Amino acid sequence: MAAFMRVLFLGDLVGRSGRSAVIEALPGLRERYRLDFVVVNGENAAGGFGITETILVELLDAGADVVTTGNHVFDQRETLVYIERYDRLLRPINYPQGTPGKGAGLFKAANGAQVLVINAMGRVFMADLDEPFRAVEKELEACGLKTCADAIIIDFHAEATSEKEAMGFFVDGRASAVIGTHTHVPTADEQILPRGTGYISDVGMCGDFNSVLGMDKDEPLNRFLTKIPSGRYAPALGEATLCAIAIDIDDATGLARAIAPLRIGGRLSQTEPKFWTET
Ligand SMILES: [Fe+2]
Ligand SMILES: [Fe+2]
C-alpha cells in the first residue's frame, strides 16, 4: 500500500442531469486521480426521488464502491425489496429496527484497505428516527479505526449544520471523515478537525444549479408564492455541476491528511484538490 489512500465522495445525485454526469465522469476520475475508494450519495438519482435498481447497478458499474442515501431512500417502492440484495447500497442506520437494508458495511478499497462506511441521518428539521449519535457509536465500538477498519467514512445526512458539526466532533479522532449531505448546496468549511477527522458540513449535490436544490424552479417558486401545489417537482435538466470532496487518508493512523472540494462542470466555480494534481 502507498502511505495514504485516496477517497472521493460525491454528493446527492439529482435526476438525469446529475446521474448521467457522474456515470460518464466516474471511470475517468478513478483513473486520472488513481482513486482507491468512491462513495456516491444516490438518494435523488431517480427523477429526484430515490434510486431504482437499474440506476444503482449503473453507478456501481461506473466505479462507485458504495452508494449511500438519506430521507429519500425508499421513494422508489422497489427499493424496499432489492436493497436486501445489494451490500453496497446503504440507508441511514438509525431507521427503526426491522427496516430493510443496512446502514453500515465494511468494503475493500482498490489499495486493499478495509473501509467502514456508515450512513446516518440527522433529526433536526427531519423525520424522528432513532438517535444518530448512539447509532454511530455502536458501529464504532463494533469496528474501530485501525483495530477493525483501515478507514471509516461517515455520510451524515442532515439538515442542520449544528447537528453535523456536533457529529464531526463526536467522532473526531475515531473516524477518517464525516461528510455532510442532504442540503444540496456545498459549504466552504472543509477542514481537518483537531484530532484528525476530515469534515465538511455539506458536500453539495451533483445536479443542475440553475434550479431550486436540483429541481426545476417553477414549482418550488409557485409553492413559496401561493402555498398551493400546482404540479410535481421535476429535476432541472441543464448541465450538472459535480460536487465532490477529495480526502487523503493516512495508512498509519486512518485519519485525514488532506481534504478539499472537487467541482466539475455546470454553473459553480470549478475547483480541483491541489494535493491530487501536484503529485
Ligand atoms: Fe438529497
Ligand atoms: Fe435528503
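Now for a description of the structure that goes with this document.

The rules behind each value
Counting restarts for each chain, with residues numbered from 1 along the sequence as it is written. Each chain is given a letter, starting from A, and each ligand a number, starting from 1, according to the order in which they appear as written. Local features in a predicted model are, by the rule used here, given only for residues with pLDDT of at least 70; side-chain atom pairs are given and counted only at 80 or more, and totals for whole chains, interfaces and linings are based on all residues. Side-chain numbers here rest on the full set of heavy atoms in the structure, without hydrogens or water. Here is the rule: rings of Phe, Tyr and Trp (six-membered ring for Trp) pair when centre to centre is within 6.5 Å. Planes less than 30 degrees apart are stacked, more than 60 are edge-to-face, and the remainder are tilted. A run of H or I in DSSP becomes a helix once it reaches four residues, and a run of E becomes a strand once it reaches two; helices and strands are each numbered from the N terminus. Geometrically, a lysine NZ or arginine CZ counts as sitting over a ring once it is within 6 Å of the ring centre and also within 35 degrees of the ring normal. Polar contact is the term for a pair of N or O atoms within 3.5 Å; when the atoms are in protein, one must be able to donate a hydrogen and the other to accept it, and sequence-neighboring residues count only if both atoms are side-chain atoms. In what follows, a contact means two residues having at least one pair of non-hydrogen atoms within 4.5 Å. Note: two strands are recorded as paired if DSSP finds a minimum of 2 bridges between them. Every axis in this analysis is a line fitted to C-alpha atoms, fitted for helices over the stretch in contact. Angles between the N-to-C directions lie between 0 and 180 degrees. Only residues whose relative accessible area exceeds 30% and that form no salt bridge are eligible for patches; like-charged ones are grouped when within 9 Å, while nonpolar side chains (Val, Leu, Ile, Met, Phe, Trp, Tyr) are grouped when within 5 Å. Reported accessibility uses the Shrake-Rupley method at a 1.4 Å probe radius. Residues are deemed covered only where the shown protein chains occlude them. A pair is scored as a salt bridge if a Lys or Arg side-chain nitrogen falls within 4 Å of a carboxyl oxygen belonging to Asp or Glu. Relative accessible area decides the class of each residue, using a 1.4 Å probe on protein chains only: under 20% of the type maximum gives buried, over 50% gives exposed, and in between gives partly exposed. The reported arc concerns the directions from the helix axis to the C-beta atoms and nothing else. Distances decide who is a donor: an N, O or S atom must be within 2.8 Å of the metal, or within 3.2 Å for Na, K and Ca. Water is not included, so sites may look incomplete. In short, tetrahedral needs four donors with all angles between 85 and 135 degrees, square planar needs four and octahedral six donors with opposite donors over 155 degrees apart and all other angles between 65 and 115, and whatever is left is irregular.

1. Here's the deal with the packing of aromatic side chains
On inspection of all chains with the given rule, the structure shows six aromatic pairs. Aromatic pair Phe-74 and Tyr-95: ring centres 5.9 Å apart, planes at 80 degrees, arrangement edge-to-face. Of this pair, Phe-74 sits in the loop between β3 (66-68) and α3 (79-82) while Tyr-95 sits in the loop between α3 and β4 (104-108), placing them 21 residues apart in sequence. Feature note: the residues Tyr-33, Phe-275 and Trp-276 constitute an aromatic cluster, connected by ring pairs. Directly above the aromatic system of Phe-170 lies the positively charged group of Arg-174, at a separation of 5.2 Å from the ring centroid. Positioned above the aromatic ring of Tyr-233 is the side chain of Arg-223, whose terminal nitrogen or guanidinium carbon lies 4.1 Å from the ring centre.

2. What to know about the side chain of Asp-250
Tracing the backbone through its elements, the reader meets Asp-250 in strand β10 (residues 242-250). A polar atom in the side chain of Asp-250 sits 2.8 Å from the backbone nitrogen of Ala-252. Setting aside anything within four residues of it in sequence, one finds Asp-250 in contact with Ala-3, Phe-4, Leu-255 and Arg-257.

3. Observations concerning the sheet that holds β10
As summarised here, the arrangement of the five strands in space is β3-β2-β1-β10-β11, forming an open sheet in which the pairing is mixed. Each edge of the sheet is formed by a strand with only one pairing partner; in this case those strands are β3 and β11 (256-264). For this sheet the average axis-to-axis angle between neighbouring strands, irrespective of direction, equals 20 degrees. Here β10 pairs with β11 via eight bridges, running antiparallel. Counted as the bridge partner of Ala-246 is Ala-260 from β11.

4. Some thoughts on a nonpolar patch on the surface
Residues Val-185, Val-212 and Leu-213 make up a contiguous nonpolar surface patch of about 220 Å² in total accessible area. Residue position: Leu-213 is located in the loop between β9 (198-200) and α6 (218-226). Assessed through its relative accessible area of 46%, Leu-213 is described here as partly exposed.

5. Observations concerning α6
Where α6 is concerned, the buried positions are Glu-219, Pro-220 and Asn-222. Taken end-on, α6 shows its buried residues confined to a sector of 160 degrees, consistent with a single buried face. Among the exposed residues of α6, those oriented more than 90 degrees off its buried face are Asp-218, Phe-224 and Leu-225. Downstream of α6 by a residue or two, Lys-227 has a phi angle that is positive, lying close to 65 degrees.

6. Looking at the coordination of the iron ion (ligand 1)
At 2.0 to 2.2 Å from the iron ion (ligand 1) lie its protein donor atoms, namely Asp-12 (OD), Glu-43 (OE), Asn-44 (OD1) and His-184 (NE2). Coordination at the iron ion (ligand 1) is irregular, judged from the four donor atoms that bind it and the angles of 86 to 166 degrees they form at the metal. Between the donor residues of the iron ion (ligand 1), the gaps in sequence give the motif D-x30-E-N-x139-H. Between the iron ion (ligand 1) and the iron ion (ligand 2), a spacing of 3.4 Å is present, and a bridge between the two is formed by Glu-43. Just as Glu-43 is buried, Asn-44 falls in that class too.

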